[in-house]
Amino acid sequence: MAFESKRVLVVDDSNVMRNIIKNNLKQLGFGHDNIADAEDGSMGMKKLGEGSFDLVISDWNMPKMTGIDFLKAIRAEGSLKDIPFLMVTSESEKEKIMEAVQAGVNQYIVKPFNANQLEEKINQIFS
Amino acid sequence: MPTIDFKEGKMPEVLPQVVMDSVSDIFKSIFSSTPEFVGNADNKAIGDGVVGIISFVGDVSWLLMLVLPKSSAQETALKFAGFEVDYDSPDMGDVVGELNNVLAGDIVARLSAKDVKVTMSLPTIMRGHDVEPLLPRGLPSVKMHYKIGDGDIYLKVAGSQEGQTVGRTPGT
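Keep in mind that what you see is a predicted model, and the values were worked out from it rather than measured.

Engineer: Which parts of the structure should I look at to understand the layout of surface pockets?
Structural biologist: If a probe the size of a water molecule is rolled over the atoms, the empty space left behind becomes visible. Taken as a whole, the largest pocket spans an internal volume of roughly 410 Å³. In this structure, the largest pocket is lined by 19 residues; those nearest its centre are I20(A), F113(A), N114(A), I30(B) and F80(B). Elements represented by at least two residues in the lining of the largest pocket include exactly α1 (15-27) and α5 (115-126) of chain A together with α1 (14-31) and α2 (70-81) of chain B. Element by element, the count of residues in the lining of the largest pocket is highest for α1(A), at five residues.

Engineer: Any chance you could explain the interface of chain B and chain A here in plain terms?
Structural biologist: By convention, interface size is frequently given as the accessible area that disappears when the constituent parts associate. Facing 24 residues of chain B, the contacting portion of chain A comprises 20 residues. Taking both partners together, chain B and chain A bury about 1700 Å²; carbon and sulfur atoms supply 59% of that area. K111(A) is paired through a salt bridge with E98(B); the nearest N and O atoms lie 2.4 Å apart. Linking chain B with chain A are seven residue pairs in polar contact (both at pLDDT 80 or more). Per element, the largest residue contribution to the side of chain B that touches chain A is eleven residues, and it comes from helix α3 (residues 90-113) of chain B. Looking at the side of chain B that touches chain A, its residues break down into twelve nonpolar, six polar and six charged.

Engineer: Sorry if this is basic, but what is going on with the pairing of strand β3 (residues 62-69) of chain B here?
Structural biologist: Strand residues, when the strand is regular, have side chains that alternate between the two faces of the sheet. Residues and elements named next belong to chain B. Of all eight residues making up β3, eight are buried, and the element is well covered by its neighbours. Burial along β3 is two-sided: W62, L64, L66 and L68 and L63, M65, V67 and P69, pointing in opposite directions, are all buried. Where strand β2 (residues 48-58) and β3 come together, eight bridges link them in antiparallel fashion. Within β3, the residue paired with S55 across the bridge is L63. Between β2 and β3, which pair antiparallel and follow one another directly, the connecting turn spans three residues. In the sheet, β3 pairs with strand β7 (residues 151-159) via six bridges, with the strands oriented antiparallel.

Engineer: What am I meant to see in the packing of aromatic side chains here?
Structural biologist: The relative placement of two aromatic rings is captured by the distance of their centres and the angle of their planes. All names here are of chain A. One pass over the structure, following the stated rule, counts seven aromatic pairs over all chains. Look at F3 and F30: their rings are 4.6 Å apart centre to centre, the planes differ by 5°, and that puts the pair in the stacked class. Here F3 is found in the segment before β1 (8-11), whereas its partner F30 is found in the loop between α1 and β2 (35-38), with 27 residues between them in sequence. According to the relative accessible area criterion, F3 is buried, its value standing at 1%.

Engineer: Honestly, the pattern of salt bridges in this entry has me stumped. Any pointers?
Structural biologist: Any two side chains of opposite charge can pair, given that their charged atoms come close. In total, this model carries eleven salt bridges over all chains according to the counting rule given. The closest approach of N and O atoms between D25(B) and R110(B), which form a salt bridge, is 2.6 Å. In this pair, D25(B) sits in helix α1 while R110(B) sits in helix α3, placing the two residues 85 residues apart along the sequence. Of the residues examined, D25(B) reaches a relative accessible area of 45% and is grouped as partly exposed. Assessed through its relative accessible area of 22%, R110(B) is described here as partly exposed. Among the ionic pairs, K147(B) bridges to D152(B), the shortest N-O distance being 2.9 Å. For K147(B), a relative accessible area of 27% gives the class partly exposed. A single salt-bridge network, built from bridges that share partners, covers R18(A), K22(A) and D37(A).

Engineer: How should I be thinking about α2(B) in this particular structure?
Structural biologist: Residues separated by three or four positions in an α-helix point in the same direction, a consequence of the helix having 3.6 residues per turn. For α2(B), spanning twelve residues, the distance from its first C-alpha to its last is 17 Å, which sits close to the expected 16 Å at 1.5 Å a residue. For α2(B), the full list of buried residues reads S72(B), A73(B), T76(B), A77(B), F80(B) and A81(B). Down the axis of α2(B), the buried side of the element spans an arc of 155°, and every buried residue falls inside it. Contacts made by the buried residues of α2(B) are with α1 of chain A together with α1, β3, α3 and β7 of chain B. Positive phi appears at G82(B), one or two residues downstream of α2(B), with a value of about 85°.

Analysis parameters
Residues numbered from 1 in each chain as written. Chains lettered and ligands numbered in written order. Predicted model: local features only at pLDDT ≥ 70, side-chain atom pairs only at ≥ 80, totals over all residues. Heavy atoms only, no water. 1 Å grid on protein atoms, 1.4 Å probe; cavity = no way out; pocket = protein on both sides within 12 Å on 5 of 7 lines; lining within 4 Å. Points joined across faces, edges and corners; volume = space filled by probe spheres on them. Helix = DSSP H or I, 4+ residues; strand = E, 2+ residues; numbered from the N terminus. Contact = heavy atoms within 4.5 Å. Buried area = accessible area lost by both parts, 1.4 Å probe. Salt bridge = Lys/Arg side-chain N within 4 Å of Asp/Glu carboxyl O. Polar contact = N/O pair within 3.5 Å; in protein donor to acceptor, adjacent residues only side chain to side chain. Nonpolar A, V, L, I, M, F, W, Y, C, P; charged D, E, K, R; others polar. Buried < 20%, exposed > 50% of the residue type's maximum accessible area, 1.4 Å probe, protein only. Pairing = 2+ DSSP bridges. Phe/Tyr/Trp six-rings, centres within 6.5 Å; stacked < 30°, edge-to-face > 60°. Expected span 1.5 Å × (residues − 1). Arc of directions from axis to C-beta.

Geometric descriptors of this kind do not, in isolation, establish any biological role.
Quick look at the structure:
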């Protein structure tokens, strides 16, 4: 699948994790200029209000606004509610996955992951 | 639910065991090589290093400390991130926090499978010489030394008391 023109927002409080994910996305063919980032859910909401995005990739455990609260805020916002959302987390408990699914997550990836595993999840979202 | 406590100042076997199981699986996945357990490091001084601490609260209150010693931190960070990370940069704290976070997430799931429910905090990062959190008296701890390639990683499992945890709750 061609990702070059897809616009992605990467949200994680860790600068290193944002860079790892952005490097993975570039490796998968996403355009450098089409990848934006934010350090928590509230900054993510601000970025989403500034432009259109085809995909949000967000960490779950963040200060200020968690990934799940960020997801709920997006799904409650009329103009943003249909944006595909990929949740990144270190926690793989069934209850956590159910909570994310109920909140409207499109896909869920557990850390650690590599570019191929990320690609698989993104392909499932866009297919 | 099995009872897990720190009666008589003893470390319940299950905590170091789940940590060791997680280290084995998670670090092998991250670093593409099996971590080697060097041994107990309770009395070993680590020297300069970056420390990440995550608290667990719920059926049992405890904390997990991960230390990257300065001598091999940059090499370990390069393997983890895929790009160079300067020891003195804030990104080194991110690396330590993220390694601890990934381990902690796996530990939460492993404990949950044993019907022990805990939630984890965000990582707290410290750096310095022989940095250790101040732990309450009478609670046990175990420090473990691992080698991954030529790099060293230290992990400390320590009992804590409810309300005396380190680290912020996510979303706060």
